[in-house]
Structure formats: structure tokens, C-alpha cells
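Chain and residue survey
Single-letter residue listing:
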Amino acid sequence: MKKPLIQPKEISVEQRIYNFDEVVCGYTEEQALEEASRCIQCKNPKCISGCPVGIDIKKFIWYITQKDYPSAYYTISEKNNFPSICGRVCPAEYQCRKTCVFTPKDRNVAEENAINIPLLERFVGDYARKHNLALNLTEKIKTNPKLINTKVAVIGSGPAGLCVAGELARLGVKVDIYEALHLLGGVLIYGIPPFRLPRDVLYYEINLLKNYNVTFYTGVSVGKTLPFRELQKQYNSIFIGTGAGAPTWLNIEGESLCNIYSANEYLTRVNLMHSDKFPEFHTPINVGKNVTVIGGGNTAMDAARVALRMQKIKGINGKVTILYRRTQEEMPARKVEIDHAKQEGVEFKFLVQPVKFSGDTRGYVKSVLCLQCTLGEPDSSGRRRPVPIKGSEFEIETDLVIIAIGLKANQILLSTLPELKTTQDGDIIVNPETMETSIPNVYAGGDVVGGEGTVIEAMGMGKKAAQSIVQKLTIG
Ligand code: FAD
Ligand code: SF4
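Since we're looking at a predicted model, the values are computed, not measured. (Residues numbered from 1 in each chain as written. Chains lettered and ligands numbered in written order. Predicted model: local features only at pLDDT ≥ 70, side-chain atom pairs only at ≥ 80, totals over all residues. Heavy atoms only, no water.)

Details of the overall build of the protein chain
- Helix and strand content of the protein chain: 16 helices and 16 strands.
- Relative to the 2.2 N^0.38 estimate, which gives 23 Å for 476 residues, the radius of gyration of the protein chain is 23 Å and therefore close to what a compact globule would have.
- Principal axes of the C-alpha set define a box for the protein chain whose edges measure 70 × 60 × 50 Å.
- For the protein chain, with 476 residues in total, the buried portion stands at 54%.
- In the protein chain, the share of contacts with a sequence separation of at least 24, taken over all contacts with a separation of at least 6, comes to 69%.
- Looking at the protein chain as shown, the accessible area adds up to about 21300 Å², and 51% of this sits on carbon and sulfur atoms.
- Separation between the mean location of the 57 positive side-chain charges and that of the 51 negative ones in the protein chain comes to 3 Å. (Helix = DSSP H or I, 4+ residues; strand = E, 2+ residues; numbered from the N terminus. Rg over C-alpha atoms; globule rule 2.2 N^0.38 Å. Buried < 20%, exposed > 50% of the residue type's maximum accessible area, 1.4 Å probe, protein only. Contact = heavy atoms within 4.5 Å. Areas by Shrake-Rupley, 256 points an atom, 1.4 Å probe, with all protein chains shown as cover. Lys, Arg positive; Asp, Glu negative; His and termini not counted. Charge placed at Lys NZ, Arg CZ, Asp CG, Glu CD.)

Here we look at the domain arrangement of the protein chain
- What the domain assignment reports for the protein chain is domain 1 (9–137), domain 2 (143–245 + 408–475) and domain 3 (249–405).
- Here the C-alpha centre of domain 3 lies 31 Å away from the C-alpha centre of domain 2.
- Taken together, the contact between domain 2 and domain 3 spans 13 residues of the former and 11 residues of the latter.
- Carbon and sulfur atoms supply 57% of the area that domain 2 and domain 3 bury against each other, a total of about 1000 Å² over both sides.
- Of all residues in domain 2, the largest losses of buried area upon contact with domain 3 belong to Tyr190, Phe195 and Arg196, amounting jointly to 55% of the total for that side.
- The tally of links between domain 2 and domain 3 comes to two salt bridges. (Domains from an automatic or database assignment. Buried area = accessible area lost by both parts, 1.4 Å probe. Salt bridge = Lys/Arg side-chain N within 4 Å of Asp/Glu carboxyl O.)

Some thoughts on the environment of Tyr266
- Structurally, Tyr266 can be placed in helix 13 (residues 263–272).
- By relative accessible area, which is 1% here, Tyr266 ends up buried.
- As a C-alpha pair, Tyr266 and Ser392 span 126 residues in sequence and 30 Å in three-dimensional space.

Describing the site of ligand 2
- Taken together, the residues surrounding ligand 2 are Cys39, Ile40, Cys42, Pro45, Cys47, Lys58, Cys100, Val101 and Ile115.
- Per-class residue counts for the shell around ligand 2 are eight nonpolar, no polar and one charged. (Near = heavy atom within 4 Å. Nonpolar A, V, L, I, M, F, W, Y, C, P; charged D, E, K, R; others polar.)

Points about the pairing of strand 2 (residues 174–179)
- A large share of strand 2 lies buried, amounting to five of its six residues.
- Across five bridges, strand 1 (residues 151–155) lies against strand 2 in parallel orientation. Along strand 2, the bridge assignment pairs Ala153 with Asp176.
- In this fold, strand 1 hands off to helix 9 (residues 159–169), which returns the chain to strand 2; that crossover is right-handed. (Pairing = 2+ DSSP bridges. Right-handed = clockwise from strand over helix to strand, strands pointing away.)

Some thoughts on the sheet that holds strand 8 (residues 319–323)
- One open sheet accounts for five strands, arranged 6-14-7-8-9; its pairing is parallel. Of all the strands in the sheet, just strand 6 (260–262) and strand 9 (347–349) have a single pairing partner and so form its edges. The sheet shows a mean angle of 25° between the axes of neighbouring strands, taken without regard to direction.
- Strand direction decides the pairing type here: strand 7 (residues 290–294) and strand 14 (residues 400–403), joined by four bridges, are parallel. Opposite Thr292, over in strand 14, you have Val401 as the bridge partner.
- Helix 14 (residues 298–313) contacts strand 7, strand 8, strand 9 and strand 14 of the sheet and is inclined by roughly 170° relative to strand 8. (Axes fitted to C-alpha atoms, helices over the stretch in contact; angles between N-to-C directions.)

Observations concerning the site of ligand 1
- Surrounding ligand 1, one finds 35 residues, the nearest of these being Val89, Glu179, Arg196, Asp447 and Val455.
- Contact between ligand 1 and Val89: a nitrogen atom at 2.7 Å from a main-chain N or O atom of the residue.
- In this structure, Val222 approaches ligand 1 through a main-chain N or O atom, which is 2.9 Å from a nitrogen atom.
- Computed on the free molecule, ligand 1 has an accessible area of 1000 Å², of which 95% lies beneath the protein chains in the complex.
- Those elements that provide at least two residues to the shell around ligand 1 are helix 9, strand 2, helix 14 and helix 16 (455–475).
- A per-element tally of the shell around ligand 1 places helix 14 first, with three residues.
- Residues that form the shell around ligand 1 fall into these classes: 17 nonpolar, 14 polar and four charged. (Polar contact = N/O pair within 3.5 Å; in protein donor to acceptor, adjacent residues only side chain to side chain.)

Points about the packing of aromatic side chains
- Applying the stated rule across the entire model yields nine aromatic pairs.
- An angle of 15° between the planes, with centres 5.1 Å apart, marks the rings of Tyr178 and Tyr217 as stacked. Here Tyr178, found in strand 2, pairs with Tyr217, found in strand 3 (residues 214–218); they are 39 residues apart in sequence, far enough to count as distant.
- In this structure Tyr217 comes out as partly exposed when scored by relative accessible area, which is 36%.
- These aromatic residues form a ring-pair network of at least three members: Tyr69, Phe123 and Tyr127.
- Above the ring of Tyr235, the side-chain terminus of Lys151 is found at 4.8 Å from the ring centroid. (Phe/Tyr/Trp six-rings, centres within 6.5 Å; stacked < 30°, edge-to-face > 60°. Lys NZ or Arg CZ within 6 Å of the ring centre and 35° of its normal.)

Regarding the sheet that holds strand 3
- Spatially, five strands are ordered 3-2-1-4-16 in an open sheet, and the strand pairing comes out parallel. Strands at the two margins of the open sheet, each flanked by one partner only, are strand 3 and strand 16 (442–444). Taken pair by pair, the neighbouring strands of this sheet meet at an average axis angle of 20°, ignoring direction.
- In terms of strand pairing, strand 2 meets strand 3 through five bridges, oriented parallel. Bridging from a neighbouring strand, Ile177 pairs with Phe216 of strand 3.

Section: helix 14
- Helix length check: helix 14, at 16 residues, gives a terminal C-alpha distance of 22 Å against a target of 22 Å (1.5 Å per residue), a fit within 8%.
- Immediately downstream of helix 14, the backbone of Gly315 shows phi near 70°, a positive value. (Expected span 1.5 Å × (residues − 1).)

Considering the pattern of salt bridges
- Summed over all chains, the structure comprises 25 salt bridges.
- When the shortest N-O distance is used, the salt bridge between Glu337 and Arg305 registers 3.0 Å. With Glu337 in helix 15 (residues 335–344) and Arg305 in helix 14, this residue pair connects regions lying 32 residues apart in the sequence.
- A salt bridge links Arg362 to Asp360; the shortest N-O distance between them is 3.2 Å.
- Each of Arg16, Arg196, Asp302, Arg305, Arg309, Glu337 and Glu344 takes part in salt bridges that share partners, so that together they form one network.

Okay, structure coming up:
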């Protein structure tokens, strides 16, 4: 008989909604050993093909079964410098768990019983952090003599930029990262809340890069406070990993009323600027009693769960409602995030399309007019299209709205580079084999070139770009 998946412990709802502490506890050693023992060590392990950075999953799981956690860590580190981060945020049910042999081939999401690879990866990453294993890792680094005296500039410190930096620096390339914000990590620090990704974990894995001769320059907006042309003069190659930080708006009447936030602004105020601790920290935020979040992705779930915690922390007896145009089945958010949001008390209204916001006499939002929808034929995303029902208007009262319907590439840097080819949506066009842009020796990856929009995919692109940079630098 197949052994069932080992479920980790979670902090109870009553406890967790009053703070930003991590909700999912990692595996204990006992649980990790039990889960690892379910892996049947396939002769031809398909799980690896589902990992965008190609971790030897079978091998690191085998080391866990042998209680050889350092070897498990070094196996992961050959391909990924950030196991504790990825083990927490990777949507593995669409990646390695989906290709694990325990998921039947015709499924588009992992079977519940597929090996819990991310939690095993997290266990190994956390073990390595507690036992400082990364220090031994630097001794294993082999500098490529041809790369000594080469310099690469990385613009943006999100997962794509961090991955490029790690890959290049451990071969001896001098890497400088330029980051517009005052803290490193991109969405990992300003978007994903600490209850999913604790900051000590994040800082630890980012700071490891300093061991490899990576220098960070924060508060530098390339294209604004530092011209791109300066970087071209100083570096052999440049990597653009500026992400997709610009919000998409609904473009409906009343959208500029007070208390209507983009999800990025809302999350940045809380996660990065600590507005939950205002006035101790200087950034304020309005906390609604009746919050409406519009969207169905991970960003919407994060915004809703943060808004709910803000109400609880500030002692407001309110509610948070998510409006989504389709049904739960079409929601792009991870199931675990939807489940957590529901458990915590977030309400969901499906098949609802906002058409107009109304405000009070002071200019603050007071309601949103919506249309009921039905589902039509699938659109280009493969999901059934929402079709508004004529005459089905109804009004929802709200005093704070968070719009989380998608993000686009920020054009601050890109607009200064007329020779850089971009798509109609403003994403950078790259050669998919090399990640090189239309400007020679300038590479790009992560959300700024489009794609799935996941941490590990951004890292996968960073890895590919780093390999191309190395190839060019060593041949040239
Ligand atoms: P980013 O992480 O966006 O980093 C880009 C960095 O570049 C930023 O720090 C920015 O300040 C900097 N920058 C921009 N312009 C400049 C400039 N001109 N000069 C200097 N620096 C600049 N993915 C998952 O896999 N799992 C999840 O659970 C998940 N949850 C998410 C939750 C939210 C709220 C959001 C918004 C996204 C989430 N994602 C998740 C998606 C994932 O975070 C992104 O796909 C990933 O961060 C993209 O990485 P990146 O390096 O391309 O860009
Ligand atoms: Fe283990 Fe699944 Fe990979 Fe097979 S496919 S080696 S069972 S994780």
C-alpha cells in the first residue's frame, strides 16, 4: 500500500491572524525522513525535468534518507543557492511534483500524494542555515581562470538578478548588483508577506552571495539616478532583471478615488515599509473595515491575508472579500494560498466583474458596482472567459479596495534605451536560447521578459543568462 503524504504542522488560525509569523511549519527531522522514504528512487526520475533549475531531486532525497543532510544541501546548491526560499514559495504542484511519477501523466496539477519535494528542500535549506553549511560551500568553488578580471553588472535584486549573480560570482566573475529599493530581494521582500517567507530566511540566503564577491548597491535606480550608458562603459556584460513592478488597472470609472490601492503599493507599504508598525515606522496605511480585493492570483491572496491581519492588529472588527471574474477552478492562485485565505476568514465572491467605483463627498471609495458573470468559451490562456450578464448590476459597499489583476514591466529603465526591442506589452524581447537582448552583451530574464511569473522560473532564466555570459566571456 502507498504511504500517504506527510503533512506539516500549521499555526492555528486563532493565533496566526494577529501577526505576520510563518504559518506553515517545516518538517521535523522525523517527518522529513518519513516523507523522503516515500520516494521510490526512480531509474529515470521525471521530477528533475519539472524543476526549472534542474536540481537533482532524486539524489538529494536519497541523502536525506541516509541522514546525510550536508550532502543533500551540496547537491541542491549545485543548481540552486536558495533552497529555504524556494522550498517555501515554489508552486511545485505545477512543476517538480507534477512531473513526479506519483502524478499520472494526464494531470495538469500534481496529485496530492506526489512527493512533497519543496518541503524536503526547505528542510535541507533550514538545516544548512542552522549549521552554517554554506561556509564550506565557498571552499568548493572553482574559479575559472579565464573569468578573472571580468565584471558584470546586474540591475535588480529579485530572484532573476540574485541567481545570475550567484552563478557568475562562484566562477570568479566580479558582480555588482544595482537595486532601486533600499532592501534586496525584489518581490521576495516587498510582495510576498513574512507569514509565507520569513525575513531571517530571506536575508540569510541573499547575504550568502557576499561570500562570493558580490557587491550590492541599493537605492540606485538605473536609468534615473545612474545612466545605463555608464554601466556599459564599466562592465563586460549587463543583466537586466528589473521585474514586473508596474500595476495593471481596471480602467473603470472612479478608480482614482481615495483608498483604492494597487496590490503592489499596499503590500510594499506593509511588507517593506512596516506600516503595520506606524508611527514607529513612518509609512502610514489606511485599514478599511470592509475591504474588497479584486483578482484571483497569488498577489490577491497575499493582499487579502495582509489586509485581514491589518484589521486584526488594529482591533478593527471588519471583513475582507475577494472578487473574481471566473470561478475558483480558474483561479491562478495556488490552492494552498486559497485554502489559507479561506481558513483565516477571507470571503470569496466568484463570477463578479467590477464596472464602477463610487465615492463619498470627501472623495473616498464607498461602493463598487458589479456585474454578475457566466463562463463562456476558453480564451488565449485556456481558461473559460467570463461573460458579464446584461442587467445583472449589483452594488457592494466597501471602504478600501486593493486591485490585484496583474503586473507589467516597469518602463523607467527600458524607456531610456531606444535600441532595446520590447513586445507591445513592454516586455524585453530576448533570444530564448541565450537570454541576450537586441543590445549586444546585454541580457535579461525574469518577469521583465514575461513568462509564468514564478520565482524559480525567474531563477531558471537567470541561470541560462549566466551560462551564456560565461560562454561569451571565455570564448571572447
Ligand atoms: P522582481 O522580483 O520583481 O525584482 C526586480 C527588482 O528590480 C526589484 O527589486 C526592483 O526594485 C528592481 N528594479 C526595477 N527597476 C530597477 C532599476 N531601474 N534599477 C535598479 N533596480 C530596479 N512566485 C512564486 O514562485 N511563488 C509565489 O508564492 C509567488 N507569490 C507572489 C506574490 C506576489 C505578491 C507577487 C507580486 C508575485 C509573486 N510571485 C510568486 C511571482 C514572483 O515573485 C516573481 O515572478 C519573481 O519575483 C520575479 O523575479 P524577478 O527577479 O524577475 O523580478
Ligand atoms: Fe522520487 Fe518522484 Fe523523483 Fe521518482 S519522480 S525520484 S518518486 S521524487
